[in-house]
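Reading the structure
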Amino acid sequence: MAKILFVVTGAAHWTLADGTRHPTGFWAEEVVAPYEVFTDAGHEVVVATPGGVLPTVDQASLAPEANGGQEGADRVADSLASISGLRSPLRLEDVELADYAAVYYPGGHGPMEDLVADTDSGGLLRDTLASGRPLGVVCHGPAALLAAKNPDGSSPFAGYRLTGFTNAEETQAGLAAKAKWLLQDRLVGIGADFQEGRPWASNVVVDRNLVTGQNPSSSGPLATELLKILE
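Residues numbered from 1 in each chain as written. Predicted model: local features only at pLDDT ≥ 70, side-chain atom pairs only at ≥ 80, totals over all residues. Heavy atoms only, no water.

Focus: the packing of aromatic side chains
Counted by the stated rule, this structure contains five aromatic pairs. By the ring-pair criterion, three or more aromatic residues cluster together here, those being Phe6, Phe38 and Tyr104. The residue whose ring lies beneath Arg208 is Tyr160, and the NZ or CZ to ring-centre distance is 3.7 Å. (Phe/Tyr/Trp six-rings, centres within 6.5 Å; stacked < 30°, edge-to-face > 60°. Lys NZ or Arg CZ within 6 Å of the ring centre and 35° of its normal.)

Looking at the sheet that holds strand E6 (residues 102-105)
The strand order E5-E4-E1-E6-E7-E11-E10 describes an open sheet built from seven strands, whose pairing is mixed. Edge positions in the open sheet fall to strand E5 (90-91) and strand E10 (204-207), since each of these has one partner strand only. Both E6 and strand E7 (residues 135-138) contribute to a ladder of three bridges, which runs parallel. Paired with Val103 across the two strands is Leu135, which belongs to E7. Running over the sheet, helix H3 (residues 119-131) touches strand E1 (3-7), E6, E7 and strand E11 (210-213) and is turned about 135° from E6. (Pairing = 2+ DSSP bridges. Helix = DSSP H or I, 4+ residues; strand = E, 2+ residues; numbered from the N terminus. Contact = heavy atoms within 4.5 Å. Axes fitted to C-alpha atoms, helices over the stretch in contact; angles between N-to-C directions.)

Structural notes on helix H2 (residues 70-81)
In this model, H2 (twelve residues) spans 16 Å end to end at C-alpha, consistent with the 16 Å of a helix rising 1.5 Å per residue. Turning to H2, its buried residues number three or more, namely Gly72, Ala73, Val76, Ser79 and Leu80. Taken down its axis, H2 places every buried residue within 130° of arc, on the same side. Exposed side of H2, more than 90 degrees from the buried face: Glu71, Asp78 and Ala81 are the residues found there. At its buried positions, H2 is contacted by helix H1 (28-40). (Expected span 1.5 Å × (residues − 1). Buried < 20%, exposed > 50% of the residue type's maximum accessible area, 1.4 Å probe, protein only. Arc of directions from axis to C-beta.)

Re the UniProt feature "domain: DJ-1/PfpI" (unreviewed entry) in the protein
UniProt tags residues 28-228 as "domain: DJ-1/PfpI" (unreviewed entry). End C-alpha atoms of residues 28-228 are separated by 23 Å, and the span's content is 30% helix alongside 14% strand. (UniProt positions renumbered as here; feature names shortened; annotations may be inferred.)

Quick word on H3
Look at H3: 18 Å from first C-alpha to last across 13 residues, which is about the 18 Å you get at 1.5 Å a residue. For H3, the full list of buried residues reads Ser121, Gly122, Gly123, Leu124, Leu125, Thr128 and Leu129. Among the structural elements, E1, E6, E7 and E11 are those in contact with the buried residues of H3. Looking at where H3 begins, the residue whose side-chain oxygen comes 3.0 Å from the main-chain nitrogen of Asp120 is Asp118. Phi turns positive one or two residues past the end of H3, at Gly132, with a value near 85°. (Polar contact = N/O pair within 3.5 Å; in protein donor to acceptor, adjacent residues only side chain to side chain.)

A look at the pattern of salt bridges
Side-chain pairs of opposite charge can arise whenever the charged atoms involved come near each other. Summed over the entire model, instances satisfying the criterion amount to six salt bridges. The structure contains a network of salt bridges with shared partners spanning Arg91, Glu93 and Asp94. (Salt bridge = Lys/Arg side-chain N within 4 Å of Asp/Glu carboxyl O.)

So, in structure tokens, the structure goes:
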């Protein structure tokens, strides 16, 4: 059995271009689906957040329309309630990479607020990539990659094929025009080879030990790919 670290946003809002705060947090499916894949395979999941704050679930991710109906929404809510690590997360700044076999970052708009500028998270991402450990990042989670820096200031993810929530998806979600910046643009800006799939369809990109997913529906398939590397 391996220990897998989930780095979850601690933000409960995303600051828009006009200064207003859009309520958010982590996206439920992006925690629940990989958690079930990893624990069903016999692995242990440990949760960490910046400062060890209790993470906030984006309420939109618990809605029936986000889960294929009320039955799906109830199942996701029940699954979230069973993940004890969400109620007692570690402090991200205290995490030792050597304790974990793999690292995973779920999304939600929260990482656009806190992990995008978190130097502890950036260092963890850089070190995980260099270590060869499987590193999974999905949806808006790749915002955290922007905080990862090499000593010369360049990004360790430059030249990697990866994906994340696209400009098209942000536009269709109704938030692109309100955002200070868009994730796809920033990832291209650090030199990543961004792989855009169809909006809302599962799209998982594997490059060496980095596994990225485009959107919520990619989170379960991403976890399956990450397990292949881990095993």
